[in-house]
Amino acid sequence: MKFKSLIYTALASALLFTSCDLNHQPVFDDDTQAFIGFSGTKATESIPEAKDGVVSTYALSLECASIKGITAQVAFAAVDTNYDASKRAQEGTDYVFKTLETYTVDAQGNRLNVETIDLTTGAEKIVKFDANHRFATIYIETIDNNIEDGDKKFDVVLSDVKGCNLGAKKSFAITIADDENPLNQLLGVYNATAPSAFDGYPDENWEVSIVADDETEGKIWIQPVISINGLGLGDIAPVYATVDLVQETIQMPYGQTVYGGEGSSYNFVIAGLDNNPILSGVAVATYDLSDGVVITFQNGYGVGDLAGNAWWYNAYQGAVFTKQ
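Everything in this summary refers to the structure shown in the same document. Computed from a predicted structure; not experimentally measured.

**Brief notes about the side chain of Asp94**
So, point 1. Position of Asp94 among the secondary structure elements: in the loop between strand E4 (72–79) and strand E5 (95–105).
So, point 2. Only 2.7 Å separates the side chain of Asp94 from the backbone nitrogen of Gln90, close enough to count as a polar contact.
So, point 3. Apart from residues lying up to four places away in sequence, Asp94 is in contact with Arg88, Ala89, Glu141, Thr142, Ile143, Asn145, Lys152 and Ile176.

**Overview of the pattern of salt bridges**
So, point 1. Scanning the model with the defined rule gives 3 salt bridges in all.
So, point 2. Notably, a salt bridge pairs Lys42 with Glu45, separated by 2.5 Å at the nearest N-O pair.
So, point 3. For Glu45, a relative accessible area of 22% gives the class partly exposed.

**Let's talk about unusual backbone geometry**
So, point 1. In this model, Gln223 is joined to Pro224 through a cis peptide bond whose omega is -10°.
So, point 2. For Asn113, which is not a glycine, the phi torsion comes out positive at approximately 55°.
So, point 3. As for its position among the elements, Asn113 is in strand E6 (residues 111–118).
So, point 4. The exposure class of Asn113 is partly exposed, given its relative accessible area of 41%.

**So, the nonpolar core**
So, point 1. Ile270, Ile295, Tyr301 and Phe321 are the most contacted members of the largest nonpolar core, which totals 38 residues.
So, point 2. Those residues in contact with Ile270 that sit more than four places away from it in its chain are Val225, Ile226, Val239, Met252, Tyr254, Gly255, Gln256, Val258, Leu279, Tyr301, Gly302 and Val303.
So, point 3. With 30 residues, the next largest nonpolar core counts Phe76, Phe97, Leu119 and Ile138 among its residues.

**Some words on the pairing of strand E16 (residues 249–253)**
So, point 1. Among the 5 residues in E16, 4 count as buried, and that is most of the element.
So, point 2. Here 3 bridges tie strand E15 (residues 239–244) to E16, and the two strands are oriented antiparallel to one another. Residue Thr242 lies in a different strand from E16, and its bridge partner there is Gln251.
So, point 3. With antiparallel pairing between neighbouring strands as the criterion, E15 and E16 make up a hairpin whose turn holds 4 residues, including Glu248 at a positive phi of roughly 55°.
So, point 4. When E16 meets strand E19 (residues 282–288), the two strands line up antiparallel, connected through 5 bridges. Bridging from a neighbouring strand, Pro253 pairs with Val282 of E19.

Rules behind the numbers
Residues numbered from 1 in each chain as written. Predicted model: local features only at pLDDT ≥ 70, side-chain atom pairs only at ≥ 80, totals over all residues. Heavy atoms only, no water. Helix = DSSP H or I, 4+ residues; strand = E, 2+ residues; numbered from the N terminus. Polar contact = N/O pair within 3.5 Å; in protein donor to acceptor, adjacent residues only side chain to side chain. Contact = heavy atoms within 4.5 Å. Salt bridge = Lys/Arg side-chain N within 4 Å of Asp/Glu carboxyl O. Buried < 20%, exposed > 50% of the residue type's maximum accessible area, 1.4 Å probe, protein only. Core = buried A, V, L, I, M, F, W, Y, C linked by side-chain atoms within 4.5 Å. Pairing = 2+ DSSP bridges.

Fair warning: the whole summary comes from geometry, so function is off the table for now.
In structure tokens, the structure reads:
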């Protein structure tokens, strides 16, 4: 069934203080306010277990926030006491701290003055900063244990800071996804392709990421499941789906909002394809793990504006996701 198209068009620093006097700009005081902490906004990450001899490496970044570049240091260590004993990742068995790099960056983001320490030789887990080494990256390698024993967890914790303050982001939680678990094999980045449901329109291609839900076993998040003309892929909200490991299927409920929402000017939702949008039930996909990972949707789906009852902004028939 083909559908008629409806086209929709539609130092970088955080401000630490605010001031009502525009003639007096806020000043960052290195002596009292400089701090060390993990970089970025995330405080947790799921990383794959090494598989078939292919090493999986995670780069965990931290920085010393200062204006002039101060001399300071901080210790880091793995802590697993926040997790049940069966879920604790063991250093040397499930992962290793591989190397530590300290550096600064230029205006284009290129690393300068890189110094590397091999942490596998018994070197102290201490990061030392100065004006030429304002940033650091800890490289963590996972180890394949060749058994299905579930995901393992640990925290990397900063402590014993000297020369400045310890920032609020002093702990980073890491989950090592068991590669023998079929659910974890579905996680990752995919190349997606789908025949358009519109007459005369070419196939579409885009990049999709699939991540596990933090709380519910067997639940995943797909982003973006569809592209929308006039919106960037990052503007499209993820949708959830459930994985049936016995039937080897993925079920994505219709009616999920991917842009806007109830009470907004727009409420773009995913719907099944028919003469009228199907807003209940699920789109079913099958997956094949025999040669890489391929996910194939058995149903067509599209997106329309529930708030304005405008259909369709985009629609696909039989989308296929191939893992990179």
